[in-house]
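Residue-level structure breakdown
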Amino acid sequence: MNAKLDSTVTARPVTRDTFDQVLVPTYAPAAMVPVRGSGLDLWDQTGKHYLDFTSGIAVNSLGHCHPVLVDVLTKQINNLWHLGNGYTNEPVLRLALALTEATFADRAFFCNSGAEANEAALKLARKYAHTKFGAHKSRIISCLSSFHGRTLFTVSVGGQAKYTEGFEPLPPSIDHIAYNDIEAARAAIGDDVCAVIVEPVQGEGGVVPGNPEFLKELRALCDKTGALLIFDEVQSGMGRTGALFAYMGYGVTPDILTAAKALGNGYPIGAMLTTNELAQTLSVGTHGTTYGGNPLAATVALSVLETINTPAFLARVKEASVSTIAMLQGLITDYPQVFSIVRGSGLLLGLVVSDAWKGRAKDIQKAAEAQGLMVLIAGMDVVRLAPALIVSDEQIAEAGRLLRAAIDGLLKA
């Protein structure tokens, strides 16, 4: 029997403790609760200011509450919110045209997240292979330490056992190889493989860039065996590496590309991009989604794409990357007992801790937050920085100052 809703419930104060009372404990969020943002600036419930170098895990690439996005979303809200998938809409058609013209792709499928985009990509690969070659061609090759989403299929494809333990039995015919290991790829990719899925830059796996030779060999092996090459650009796409998508910088073109995160700058949207030939495999009724490609998400995503995909904007991302790497190299020089190397691409960067500090990336993250700087971790040995692509040189310098204050505090403790 349903109880009557207390009319005062929505007016009650909420705090971090409310999370522990009413939400499923799948996360362990910070003690502070952000309530307002602008650009790279955030303020919590107490009014404390933070410099955000996380951008919502590489999502808010144009920062919080970007005025252009606020304007286009507000206009669309007053026109049309949602339609069932028995209809189409103008914003999604414009977005599809813009993405296909900007990339190798001819066709787009829109969904709501990176996991859904990868699910669609993997389903397409299996269906295509089954149709063209037969049911025997079904095996999927992925990389250890990869991350492709949280559905049972995508978490099984991701090469991290900690995310699959307790959810067995897992989908079959999925094998993993070491990232950047060409010989392992040659040994694994045979005629029974339908797809190879890879992140051009591993994010959750420690911010590790793909070696050009490795990615080129994957392309060659897929061509040889008839497998499809899927690039998961959920985190590396939309200008994050200094190119609209990372594949453009490598000169390796996939058969299928997935995008999400920064595509909507915080408004949920994912996309699977592919060719005309492959797209025909998913005929009417073979795949779908209720919310994917709705007018609100598509309107925001088109504005994000138009803002990011200009020579000047992408050139500035590369400049900001150089400045951020220089700042991080300075930290390594001054704190060699704490940090060892910087790795990554563009404004997706990892600051790897020294052997003496292994397992303490979370401590550094918490200390930085106390100083007013929000950073990420990638595993327990890497501090990950993914600031909005609009980050200024002044903000990069400020992040360095706050990181130094955080480390100084830890060293004194």
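What counts, and where the lines are drawn
Throughout this description, residue numbers start from 1 for each chain and increase along the sequence as written. Local features in this predicted model are restricted to residues of pLDDT 70 or higher, and side-chain atom pairs are both shown and tallied only at a pLDDT of 80 or more, whereas totals for entire chains, interfaces and linings draw on every residue. Note: side-chain values were computed over all heavy atoms of the structure, leaving out hydrogens and water. Whether two strands pair depends on DSSP finding at least two bridges between them. Only DSSP runs of H or I reaching four residues or more are called helices, and only runs of E reaching two or more are called strands; each is numbered from the N terminus. The contact definition used throughout considers only heavy atoms, calling two residues in contact when any of these lie within 4.5 Å. Fitted lines through C-alpha atoms give the axes, limited to the stretch in contact for helices. The angle between two N-to-C directions lies from 0 to 180 degrees. UniProt positions are given in the numbering used here, feature names are shortened, and annotations may be inferred rather than shown by experiment. Using a 1.4 Å probe on the protein chains alone, a residue whose accessible area is under 20% of its type maximum counts as buried, one over 50% counts as exposed, and one in between counts as partly exposed. Only rings of Phe, Tyr and Trp enter the pairing, Trp through its six-membered ring, and a pair is recorded when the two centres are within 6.5 Å. The plane angle decides the type: under 30 degrees is stacked, over 60 is edge-to-face, the rest tilted. Placement of a charge over a ring requires the Lys NZ or Arg CZ to be within 6 Å of the ring centre, with the centre-to-atom vector within 35 degrees of the ring normal. The set of buried Ala, Val, Leu, Ile, Met, Phe, Trp, Tyr and Cys residues whose side-chain atoms join them within 4.5 Å is what this entry labels a nonpolar core. Throughout the structure description, domain borders are defined by an automatic or database domain assignment.

Notes on the sheet that holds strand S17 (residues 382-385)
- Strand order in this open sheet of four strands is S13-S14-S17-S16, and the pairing throughout is antiparallel. The sheet is open, and its two borders are formed by strand S13 (339-345) and strand S16 (376-377), each paired with just one other strand.
- Sheet topology note: the S16/S17 ladder contains two bridges and is antiparallel. Within S17, the position partnered with Ile-377 by the bridge is Val-383.
- Against the sheet, helix H12 (residues 311-334) contacts S13, strand S14 (348-353) and S17, and its axis sits at roughly 165° relative to S13.

With respect to the UniProt feature "binding site: pyridoxal 5'-phosphate" (unreviewed entry) in the protein
- UniProt's entry tags Gly-114, Ala-115, Phe-147, Asp-232, Glu-233, Val-234, Gln-235 and Thr-290 with the feature "binding site: pyridoxal 5'-phosphate" (unreviewed entry), counted in the numbering of this structure. On the basis of their most widely separated C-alpha atoms, the annotated residues across 177 residues do not gather in one place, lying as much as 24.7 Å apart.
- Looking at the secondary structure, you find Gln-235 in the loop between strand S10 (228-232) and helix H9 (246-250).
- For Gln-235, a relative accessible area of 8% corresponds to the buried category.

Quick look at the packing of aromatic side chains
- Scanning the model with the defined rule gives three aromatic pairs in all.
- Seen from their ring centres, Phe-104 and Tyr-247 are 5.6 Å apart, and the 85° between their planes marks the pair as edge-to-face. In this pair, Phe-104 sits in the loop between helix H4 (90-102) and strand S4 (107-111) while Tyr-247 sits in helix H9, placing the two residues 143 residues apart along the sequence.
- Arranged with centres 5.6 Å apart and planes meeting at 75°, the rings of Phe-147 and Tyr-163 form a pair that is edge-to-face. Of this pair, Phe-147 sits in the loop between strand S5 (139-143) and helix H6 (152-157) while Tyr-163 sits in the loop between H6 and strand S6 (174-177); the two residues are 16 residues apart in sequence, bridging distant segments of the chain.
- Here the basic side chain of Arg-360 rests over the ring of Trp-357, its NZ or CZ set 4.1 Å away from the ring centre.

Overview of the pairing of strand S1 (residues 34-38)
- Direction of pairing for S1 relative to strand S2 (residues 41-44): antiparallel, over a ladder of four bridges. Opposite Ser-38, over in S2, you have Asp-41 as the bridge partner.
- Taken together, S1 and the strand that follows it, S2, pair antiparallel across an intervening segment of two residues, in which Gly-39 is found at a positive phi of about 65°.

Section: the nonpolar core
- With 90 residues, the main nonpolar core has Phe-53 and Phe-339 as its most contacted residues.
- Considering each element in turn, this core owes the most residues, nine residues, to helix H11 (residues 295-308).
- Both domains that meet at this core, namely domain 1 (16-60 + 311-412) and domain 2 (68-309), each give it at least three residues.
- With near-sequence residues (within four places) excluded, Phe-53 lies in contact with Leu-40, Leu-373, Met-374, Val-375, Leu-385, Ala-386, Pro-387, Val-391, Gln-395, Ile-396 and Ala-399.
- Ala-125, Phe-153, Ile-230 and Leu-278 belong to the second-largest nonpolar core, a separate cluster that totals 22 residues.

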